[in-house]
Amino acid sequence: MLYKKKTLWLAIGLAAGTQVHAQQRLDDVQVTANRLPQTQGDVLASTTIIDREEIERRQASSVVELLQGRAGIEMAQQGPHGGQTSLFMRGSESDHSVVLIDGVRINSATSGGASLEFLPPEAIERIEIVRGPRAAAYGADAIGGVIQIFTRRDATPGTHASLSARAGSNDTYSQNAWVATGDADTRLNASLFHHDSDGFNATYPDSSGERDGFERSGAQLGISHRFSDTVNFDINALRQNFDVDYDGFGGSDYRTKGYLQSFGAQLDVALANDRQLAITAGHFDEQREERYAGERESLTESHRDELGLQHRFIRSNGVDALGIDYRHDSIDFSNRAGQEYGRDSRENIGIYATILREYGAHELSSSLRYDDDSLFGDETTGNLGYAYRLTPAQRLG
(Lines give C-alpha, C1' and ligand atoms only; values in the text may rest on other atoms or scores of the structure.)
Protein backbone atom coordinates (compact mmCIF):
# COMPACT_ATOMS: atom_id res chain seq x y z
CA MET A 1 0.00 0.00 0.00
CA LEU A 2 1.24 3.49 -0.82
CA TYR A 3 1.35 4.80 2.74
CA LYS A 4 4.06 2.27 3.70
CA LYS A 5 6.60 4.64 2.21
CA LYS A 6 8.00 6.77 5.04
CA THR A 7 8.42 9.90 2.94
CA LEU A 8 4.96 9.88 1.40
CA TRP A 9 3.67 12.82 3.50
CA LEU A 10 6.21 15.10 1.87
CA ALA A 11 5.05 14.18 -1.61
CA ILE A 12 1.33 14.66 -1.01
CA GLY A 13 1.23 18.32 -2.03
CA LEU A 14 3.33 17.60 -5.10
CA ALA A 15 1.36 14.57 -6.18
CA ALA A 16 -1.86 16.56 -6.31
CA GLY A 17 -0.34 18.89 -8.88
CA THR A 18 1.28 16.45 -11.27
CA GLN A 19 -0.20 15.74 -14.66
CA VAL A 20 -1.58 12.22 -15.09
CA HIS A 21 -3.56 10.45 -17.75
CA ALA A 22 -7.29 11.14 -17.82
CA GLN A 23 -8.18 7.46 -17.44
CA GLN A 24 -8.60 6.26 -13.86
CA ARG A 25 -5.41 4.48 -12.75
CA LEU A 26 -4.96 2.33 -9.68
CA ASP A 27 -1.80 4.25 -8.72
CA ASP A 28 -3.46 7.69 -8.82
CA VAL A 29 -3.11 9.31 -5.38
CA GLN A 30 -6.21 10.70 -3.68
CA VAL A 31 -6.56 12.13 -0.17
CA THR A 32 -10.31 12.68 0.20
CA ALA A 33 -11.90 9.30 1.01
CA ASN A 34 -10.32 8.81 4.46
CA ARG A 35 -8.54 12.18 4.88
CA LEU A 36 -5.34 10.22 4.24
CA PRO A 37 -3.17 9.75 1.13
CA GLN A 38 -4.07 6.51 -0.65
CA THR A 39 -3.91 5.20 -4.18
CA GLN A 40 -7.13 4.58 -6.08
CA GLY A 41 -6.50 0.86 -5.81
CA ASP A 42 -6.32 0.98 -2.00
CA VAL A 43 -9.49 3.00 -1.27
CA LEU A 44 -12.45 0.91 -0.13
CA ALA A 45 -14.95 3.33 -1.65
CA SER A 46 -16.21 4.33 -5.10
CA THR A 47 -13.96 7.17 -6.26
CA THR A 48 -13.26 9.20 -9.41
CA ILE A 49 -10.47 11.65 -10.17
CA ILE A 50 -10.91 14.41 -12.77
CA ASP A 51 -7.43 15.73 -13.54
CA ARG A 52 -6.24 18.83 -15.35
CA GLU A 53 -5.77 16.97 -18.60
CA GLU A 54 -9.42 15.96 -18.68
CA ILE A 55 -10.59 19.45 -17.66
CA GLU A 56 -8.73 21.00 -20.59
CA ARG A 57 -9.89 18.31 -23.00
CA ARG A 58 -13.57 18.78 -22.15
CA GLN A 59 -13.41 22.60 -22.34
CA ALA A 60 -16.13 22.86 -19.71
CA SER A 61 -17.33 26.32 -18.72
CA SER A 62 -18.30 25.32 -15.16
CA VAL A 63 -17.79 22.66 -12.52
CA VAL A 64 -21.42 21.68 -13.11
CA GLU A 65 -20.52 20.53 -16.64
CA LEU A 66 -17.56 18.54 -15.29
CA LEU A 67 -19.75 16.68 -12.78
CA GLN A 68 -22.79 16.08 -14.97
CA GLY A 69 -23.11 12.47 -16.09
CA ARG A 70 -20.75 11.06 -13.46
CA ALA A 71 -21.84 7.80 -11.83
CA GLY A 72 -23.94 8.39 -8.73
CA ILE A 73 -24.24 12.16 -9.33
CA GLU A 74 -27.29 14.13 -10.45
CA MET A 75 -27.20 17.87 -11.08
CA ALA A 76 -30.28 20.11 -11.17
CA GLN A 77 -29.84 23.65 -12.50
CA GLN A 78 -32.46 26.39 -12.58
CA GLY A 79 -32.38 28.49 -15.71
CA PRO A 80 -29.35 29.30 -17.89
CA HIS A 81 -25.64 29.35 -17.08
CA GLY A 82 -25.05 30.66 -13.54
CA GLY A 83 -28.51 29.61 -12.33
CA GLN A 84 -28.78 28.00 -8.91
CA THR A 85 -27.54 24.42 -8.98
CA SER A 86 -28.22 21.50 -6.62
CA LEU A 87 -25.99 18.43 -6.24
CA PHE A 88 -27.48 15.03 -5.44
CA MET A 89 -25.13 12.10 -4.72
CA ARG A 90 -26.34 8.53 -4.44
CA GLY A 91 -29.96 9.72 -4.15
CA SER A 92 -29.33 11.87 -1.07
CA GLU A 93 -30.56 15.43 -0.49
CA SER A 94 -28.67 18.42 -1.88
CA ASP A 95 -27.40 19.32 1.61
CA HIS A 96 -26.16 15.79 2.33
CA SER A 97 -22.88 16.03 0.42
CA VAL A 98 -19.72 17.85 1.49
CA VAL A 99 -17.82 20.02 -1.02
CA LEU A 100 -14.28 21.15 -0.24
CA ILE A 101 -11.82 23.53 -1.91
CA ASP A 102 -8.25 22.71 -0.87
CA GLY A 103 -9.63 21.11 2.29
CA VAL A 104 -11.95 24.03 3.18
CA ARG A 105 -15.68 23.27 3.37
CA ILE A 106 -17.72 25.57 1.08
CA ASN A 107 -21.25 24.33 1.81
CA SER A 108 -23.54 27.24 2.61
CA ALA A 109 -24.31 27.86 6.27
CA THR A 110 -27.94 28.60 5.28
CA SER A 111 -28.99 26.09 2.59
CA GLY A 112 -26.35 23.44 3.27
CA GLY A 113 -25.55 23.13 -0.45
CA ALA A 114 -22.52 24.42 -2.34
CA SER A 115 -22.62 27.06 -5.10
CA LEU A 116 -21.02 24.86 -7.76
CA GLU A 117 -22.44 27.01 -10.57
CA PHE A 118 -19.87 29.73 -9.84
CA LEU A 119 -16.69 27.65 -9.47
CA PRO A 120 -14.28 28.26 -12.41
CA PRO A 121 -12.65 25.25 -14.14
CA GLU A 122 -9.82 27.58 -15.16
CA ALA A 123 -8.58 27.68 -11.55
CA ILE A 124 -8.90 23.93 -10.88
CA GLU A 125 -6.10 21.34 -10.99
CA ARG A 126 -8.13 18.25 -10.10
CA ILE A 127 -11.39 17.07 -8.57
CA GLU A 128 -11.72 14.04 -6.32
CA ILE A 129 -15.16 12.44 -6.05
CA VAL A 130 -15.97 9.95 -3.27
CA ARG A 131 -19.41 8.35 -3.48
CA GLY A 132 -21.21 6.96 -0.46
CA PRO A 133 -21.39 7.92 3.22
CA ARG A 134 -18.22 9.46 4.72
CA ALA A 135 -19.82 10.82 7.89
CA ALA A 136 -17.26 9.01 10.05
CA ALA A 137 -14.53 11.15 8.46
CA TYR A 138 -16.25 14.50 7.76
CA GLY A 139 -19.34 14.66 9.96
CA ALA A 140 -23.04 13.91 9.68
CA ASP A 141 -23.66 15.96 6.51
CA ALA A 142 -21.40 13.71 4.39
CA ILE A 143 -24.16 11.18 3.73
CA GLY A 144 -24.18 11.08 -0.07
CA GLY A 145 -20.45 11.60 -0.52
CA VAL A 146 -17.62 14.12 -0.68
CA ILE A 147 -16.24 16.20 -3.55
CA GLN A 148 -12.89 17.93 -3.08
CA ILE A 149 -11.60 20.53 -5.54
CA PHE A 150 -7.88 21.36 -5.71
CA THR A 151 -6.86 24.70 -7.20
CA ARG A 152 -4.17 25.07 -9.87
CA ARG A 153 -0.60 24.09 -9.01
CA ASP A 154 2.50 22.79 -10.74
CA ALA A 155 5.34 21.05 -8.91
CA THR A 156 7.77 21.16 -11.84
CA PRO A 157 10.75 23.50 -11.11
CA GLY A 158 11.00 26.56 -13.34
CA THR A 159 8.43 28.97 -14.72
CA HIS A 160 5.37 27.85 -16.67
CA ALA A 161 2.52 29.99 -17.95
CA SER A 162 -0.56 29.84 -20.15
CA LEU A 163 -2.95 32.40 -21.63
CA SER A 164 -6.25 31.58 -23.32
CA ALA A 165 -9.30 33.34 -24.74
CA ARG A 166 -12.54 31.91 -26.10
CA ALA A 167 -15.69 33.28 -27.70
CA GLY A 168 -19.04 31.70 -28.36
CA SER A 169 -22.70 32.25 -29.05
CA ASN A 170 -24.89 34.61 -27.00
CA ASP A 171 -21.97 37.06 -26.85
CA THR A 172 -20.00 34.72 -24.58
CA TYR A 173 -16.36 35.51 -23.88
CA SER A 174 -13.78 33.92 -21.59
CA GLN A 175 -10.20 34.98 -20.76
CA ASN A 176 -7.79 33.10 -18.51
CA ALA A 177 -4.17 33.49 -17.43
CA TRP A 178 -2.07 31.15 -15.26
CA VAL A 179 1.54 31.16 -14.10
CA ALA A 180 3.63 28.85 -11.89
CA THR A 181 7.19 29.59 -10.83
CA GLY A 182 9.79 28.58 -8.27
CA ASP A 183 12.23 25.80 -7.48
CA ALA A 184 12.00 22.40 -5.82
CA ASP A 185 11.51 23.93 -2.37
CA THR A 186 9.30 26.96 -3.03
CA ARG A 187 6.47 27.18 -5.55
CA LEU A 188 4.01 29.94 -6.45
CA ASN A 189 0.91 29.37 -8.58
CA ALA A 190 -1.49 32.14 -9.63
CA SER A 191 -4.38 32.46 -12.05
CA LEU A 192 -6.81 35.13 -13.23
CA PHE A 193 -10.12 34.31 -14.91
CA HIS A 194 -13.09 36.11 -16.41
CA HIS A 195 -16.25 34.75 -18.05
CA ASP A 196 -19.02 36.94 -19.47
CA SER A 197 -22.15 36.06 -21.42
CA ASP A 198 -25.31 37.94 -22.42
CA GLY A 199 -27.11 34.61 -22.11
CA PHE A 200 -30.55 33.84 -23.49
CA ASN A 201 -34.16 34.24 -22.46
CA ALA A 202 -34.91 31.39 -20.06
CA THR A 203 -38.67 32.04 -20.22
CA TYR A 204 -40.53 30.40 -23.12
CA PRO A 205 -42.56 31.59 -24.88
CA ASP A 206 -41.52 35.21 -24.49
CA SER A 207 -41.18 37.87 -27.16
CA SER A 208 -39.70 40.66 -25.03
CA GLY A 209 -36.13 39.96 -26.16
CA GLU A 210 -34.94 40.05 -22.55
CA ARG A 211 -31.84 37.88 -21.92
CA ASP A 212 -30.44 36.41 -18.72
CA GLY A 213 -26.74 37.25 -18.61
CA PHE A 214 -23.95 35.92 -16.42
CA GLU A 215 -20.52 37.24 -15.39
CA ARG A 216 -17.81 35.64 -13.28
CA SER A 217 -14.33 36.95 -12.51
CA GLY A 218 -11.69 36.24 -9.91
CA ALA A 219 -8.23 35.07 -8.98
CA GLN A 220 -6.45 32.13 -7.35
CA LEU A 221 -3.13 32.04 -5.51
CA GLY A 222 -1.14 29.15 -4.05
CA ILE A 223 2.22 29.13 -2.28
CA SER A 224 4.10 26.09 -0.98
CA HIS A 225 7.44 25.91 0.79
CA ARG A 226 9.54 23.03 2.07
CA PHE A 227 11.48 24.28 5.11
CA SER A 228 13.36 21.00 5.52
CA ASP A 229 13.05 17.30 4.83
CA THR A 230 10.51 17.10 7.66
CA VAL A 231 8.50 20.33 7.42
CA ASN A 232 6.29 21.48 4.54
CA PHE A 233 3.79 24.38 4.36
CA ASP A 234 1.02 25.19 1.84
CA ILE A 235 -1.38 28.12 1.60
CA ASN A 236 -4.14 28.59 -1.00
CA ALA A 237 -6.67 31.33 -1.71
CA LEU A 238 -9.55 31.63 -4.19
CA ARG A 239 -11.80 34.66 -4.78
CA GLN A 240 -14.58 34.97 -7.35
CA ASN A 241 -17.25 37.59 -7.98
CA PHE A 242 -20.49 36.76 -9.79
CA ASP A 243 -23.43 38.63 -11.30
CA VAL A 244 -26.41 36.66 -12.64
CA ASP A 245 -29.72 37.65 -14.25
CA TYR A 246 -32.66 35.26 -13.97
CA ASP A 247 -36.42 34.98 -14.33
CA GLY A 248 -38.64 34.50 -11.28
CA PHE A 249 -42.32 33.98 -10.55
CA GLY A 250 -42.96 37.70 -10.24
CA GLY A 251 -41.21 38.79 -13.43
CA SER A 252 -38.00 38.67 -15.45
CA ASP A 253 -35.93 41.41 -13.82
CA TYR A 254 -34.28 39.37 -11.06
CA ARG A 255 -30.59 39.54 -10.32
CA THR A 256 -28.12 37.84 -7.97
CA LYS A 257 -24.68 39.25 -7.32
CA GLY A 258 -22.02 38.56 -4.74
CA TYR A 259 -18.81 36.66 -4.16
CA LEU A 260 -17.26 33.45 -2.86
CA GLN A 261 -13.82 33.26 -1.28
CA SER A 262 -11.85 30.57 0.51
CA PHE A 263 -8.49 30.50 2.27
CA GLY A 264 -6.72 27.34 3.38
CA ALA A 265 -3.36 26.53 4.96
CA GLN A 266 -1.68 23.27 5.96
CA LEU A 267 1.52 22.51 7.86
CA ASP A 268 2.94 18.96 7.57
CA VAL A 269 5.59 17.80 10.03
CA ALA A 270 7.33 14.43 10.14
CA LEU A 271 7.83 13.80 13.86
CA ALA A 272 9.55 10.47 13.19
CA ASN A 273 9.76 7.84 10.47
CA ASP A 274 6.47 6.39 11.63
CA ARG A 275 4.65 9.50 12.91
CA GLN A 276 3.33 12.49 10.98
CA LEU A 277 1.45 15.60 12.08
CA ALA A 278 -0.86 17.76 9.94
CA ILE A 279 -2.22 21.12 11.14
CA THR A 280 -4.88 22.82 8.98
CA ALA A 281 -6.75 26.11 9.05
CA GLY A 282 -9.41 27.48 6.71
CA HIS A 283 -11.84 30.35 6.17
CA PHE A 284 -14.80 30.68 3.81
CA ASP A 285 -17.10 33.61 2.95
CA GLU A 286 -20.17 33.76 0.71
CA GLN A 287 -22.25 36.83 -0.05
CA ARG A 288 -25.51 36.87 -2.05
CA GLU A 289 -27.49 39.99 -2.83
CA GLU A 290 -30.91 39.39 -4.40
CA ARG A 291 -32.44 42.27 -6.40
CA TYR A 292 -35.69 42.79 -8.29
CA ALA A 293 -36.24 45.72 -10.65
CA GLY A 294 -33.08 47.32 -9.30
CA GLU A 295 -34.21 47.20 -5.65
CA ARG A 296 -32.50 45.02 -3.05
CA GLU A 297 -34.72 42.21 -1.79
CA SER A 298 -32.24 40.53 0.57
CA LEU A 299 -28.58 40.31 1.52
CA THR A 300 -27.11 37.10 2.95
CA GLU A 301 -23.56 36.66 4.17
CA SER A 302 -22.23 33.41 5.61
CA HIS A 303 -18.81 32.94 7.19
CA ARG A 304 -16.90 29.85 8.34
CA ASP A 305 -13.67 29.33 10.28
CA GLU A 306 -12.03 25.92 10.57
CA LEU A 307 -9.12 24.41 12.47
CA GLY A 308 -7.86 20.85 12.33
CA LEU A 309 -5.17 18.62 13.82
CA GLN A 310 -4.37 15.11 12.62
CA HIS A 311 -1.74 12.67 13.91
CA ARG A 312 -0.81 9.70 11.71
CA PHE A 313 0.91 6.52 12.84
CA ILE A 314 2.52 4.45 10.08
CA ARG A 315 2.35 0.68 10.64
CA SER A 316 4.01 -2.15 8.76
CA ASN A 317 0.67 -3.13 7.22
CA GLY A 318 -1.30 0.12 7.28
CA VAL A 319 -1.85 3.43 9.04
CA ASP A 320 -3.77 4.81 12.02
CA ALA A 321 -5.00 8.40 12.28
CA LEU A 322 -6.37 10.41 15.18
CA GLY A 323 -7.79 13.86 14.55
CA ILE A 324 -9.83 16.72 15.90
CA ASP A 325 -11.48 19.55 13.97
CA TYR A 326 -13.33 22.70 14.94
CA ARG A 327 -15.81 24.66 12.80
CA HIS A 328 -17.63 27.93 13.48
CA ASP A 329 -20.40 29.17 11.16
CA SER A 330 -22.09 32.57 11.31
CA ILE A 331 -24.78 34.32 9.23
CA ASP A 332 -25.61 37.96 8.55
CA PHE A 333 -29.02 38.37 6.92
CA SER A 334 -31.36 41.25 6.08
CA ASN A 335 -34.33 41.67 3.77
CA ARG A 336 -37.10 44.17 3.00
CA ALA A 337 -39.56 42.35 5.27
CA GLY A 338 -37.25 42.68 8.28
CA GLN A 339 -37.00 38.90 8.80
CA GLU A 340 -34.04 37.27 10.53
CA TYR A 341 -32.76 33.83 11.51
CA GLY A 342 -33.56 32.49 14.97
CA ARG A 343 -29.94 31.35 15.33
CA ASP A 344 -27.19 33.15 13.44
CA SER A 345 -24.18 31.04 14.48
CA ARG A 346 -23.13 27.57 15.53
CA GLU A 347 -20.01 25.64 16.51
CA ASN A 348 -19.03 22.04 15.88
CA ILE A 349 -16.20 20.03 17.43
CA GLY A 350 -15.40 16.63 15.93
CA ILE A 351 -13.02 13.91 17.11
CA TYR A 352 -12.28 11.02 14.75
CA ALA A 353 -10.10 7.92 14.41
CA THR A 354 -9.29 5.90 11.29
CA ILE A 355 -7.61 2.50 10.94
CA LEU A 356 -6.47 1.08 7.59
CA ARG A 357 -4.99 -2.42 7.45
CA GLU A 358 -3.81 -5.12 5.03
CA TYR A 359 -3.69 -8.76 6.08
CA GLY A 360 -2.46 -10.62 3.03
CA ALA A 361 -5.29 -10.41 0.49
CA HIS A 362 -7.67 -9.00 3.11
CA GLU A 363 -8.13 -5.22 3.37
CA LEU A 364 -9.88 -3.46 6.22
CA SER A 365 -10.96 0.16 6.67
CA SER A 366 -12.69 1.45 9.81
CA SER A 367 -13.53 4.93 11.11
CA LEU A 368 -15.29 6.33 14.16
CA ARG A 369 -16.27 9.96 14.78
CA TYR A 370 -17.90 11.93 17.59
CA ASP A 371 -19.44 15.36 16.89
CA ASP A 372 -20.69 17.93 19.38
CA ASP A 373 -22.74 20.59 17.60
CA SER A 374 -24.09 23.64 19.43
CA LEU A 375 -27.27 23.54 17.31
CA PHE A 376 -27.95 19.83 16.70
CA GLY A 377 -26.38 18.20 19.75
CA ASP A 378 -23.90 15.33 19.83
CA GLU A 379 -23.72 12.31 17.55
CA THR A 380 -21.42 9.33 16.99
CA THR A 381 -20.98 7.80 13.53
CA GLY A 382 -18.92 4.90 12.27
CA ASN A 383 -17.88 3.23 9.05
CA LEU A 384 -16.48 -0.22 8.31
CA GLY A 385 -15.19 -1.50 4.97
CA TYR A 386 -13.75 -4.82 3.84
CA ALA A 387 -12.36 -6.14 0.55
CA TYR A 388 -10.65 -9.28 -0.67
CA ARG A 389 -7.99 -8.71 -3.33
CA LEU A 390 -8.22 -11.29 -6.12
CA THR A 391 -5.45 -9.78 -8.26
CA PRO A 392 -3.46 -6.51 -8.14
CA ALA A 393 -6.21 -4.96 -10.27
CA GLN A 394 -9.30 -6.81 -9.01
CA ARG A 395 -10.96 -7.22 -5.64
CA LEU A 396 -14.28 -8.02 -4.00
CA GLY A 397 -15.73 -5.67 -1.43
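See the structure printed just above.
This section reports on the structure supplied with the text. Remember, it's a predicted structure, so these values are computed and weren't measured experimentally.

## Some details on the sheet that holds strand E9 (residues 145-151)
Within a sheet, adjacent strands bond to each other through the backbone by hydrogen bonds, running parallel or antiparallel. If you trace the 5 strands from one edge of the open sheet to the other, you get E3-E8-E9-E6-E7, paired in mixed fashion. Here the strands that pair on one side only, and so sit at the sheet edges, are strand E3 (46-50) and strand E7 (104-105). Relative to E9, strand E8 (residues 124-131) runs antiparallel, the two sharing 7 bridges. By the bridge assignment, arginine 126 is partnered in E9 with phenylalanine 150.

## Some points on the packing of aromatic side chains
Pairs of aromatic rings are described using the distance from one ring centre to the other and the angle between the two planes. Counted under the stated rule, the structure contains 5 aromatic pairs. Relative to tyrosine 341, the ring of phenylalanine 333 lies with its centre 5.3 Å away and its plane at 75°, an arrangement referred to as edge-to-face. Judged by its relative accessible area of 38%, tyrosine 341 is partly exposed. By the ring-pair criterion, three or more aromatic residues cluster together here, those being Phe118, Phe214 and Phe242. One Lys or Arg, arginine 35, reaches over the ring of tyrosine 138 and ends 5.2 Å from the middle of that ring.

## Examining the nonpolar core
With 32 residues, the main nonpolar core has Leu67, Leu116, Ile127, Ile147 and Ile149 as its most contacted residues. Elements with a contribution of two residues or more to this core: helix H3 (63-67), strand E4 (73-77), strand E5 (85-89), strand E6 (97-101), E8, E9 and strand E14 (231-248). It is H3 that contributes the most residues to this core, 4 residues altogether. Apart from the residues lying within four places of it in its own chain, the contact partners of isoleucine 149 are Val63, Val99, Leu100, Ile101, Asp102, Leu119, Ile124, Arg126 and Ile127. Core analysis: the second largest hydrophobic core is formed by 6 residues, Val98, Leu100, Tyr138 and Val146 among them.

## Brief notes about the pattern of salt bridges
A full pass over the atoms with the stated rule returns 26 salt bridges. For arginine 105, the salt bridge is made with aspartate 141, and the minimal N-O distance between the two is 2.8 Å. Of this pair, arginine 105 sits in strand E7 while aspartate 141 sits in the loop between helix H4 (135-138) and E9, and the two are 36 residues apart along the sequence. A relative accessible area of 6% places arginine 105 in the buried class. By relative accessible area, which is 22% here, aspartate 141 ends up partly exposed.

## A short note on the side chain of arginine 312
Residue placement: arginine 312 occurs in strand E17 (residues 295-315). Comment: no salt bridge for buried arginine 312; closest opposite-charge side chain is aspartate 268, at 4.9 Å. A polar contact is formed between the side chain of arginine 312 and the side chain of glutamine 310, at a distance of 2.5 Å.

Here is what the cut-offs are and how they apply
Residues numbered from 1 in each chain as written. Predicted model: local features only at pLDDT ≥ 70, side-chain atom pairs only at ≥ 80, totals over all residues. Heavy atoms only, no water. Pairing = 2+ DSSP bridges. Helix = DSSP H or I, 4+ residues; strand = E, 2+ residues; numbered from the N terminus. Phe/Tyr/Trp six-rings, centres within 6.5 Å; stacked < 30°, edge-to-face > 60°. Buried < 20%, exposed > 50% of the residue type's maximum accessible area, 1.4 Å probe, protein only. Lys NZ or Arg CZ within 6 Å of the ring centre and 35° of its normal. Core = buried A, V, L, I, M, F, W, Y, C linked by side-chain atoms within 4.5 Å. Contact = heavy atoms within 4.5 Å. Salt bridge = Lys/Arg side-chain N within 4 Å of Asp/Glu carboxyl O. Lys, Arg positive; Asp, Glu negative; His and termini not counted. Polar contact = N/O pair within 3.5 Å; in protein donor to acceptor, adjacent residues only side chain to side chain.

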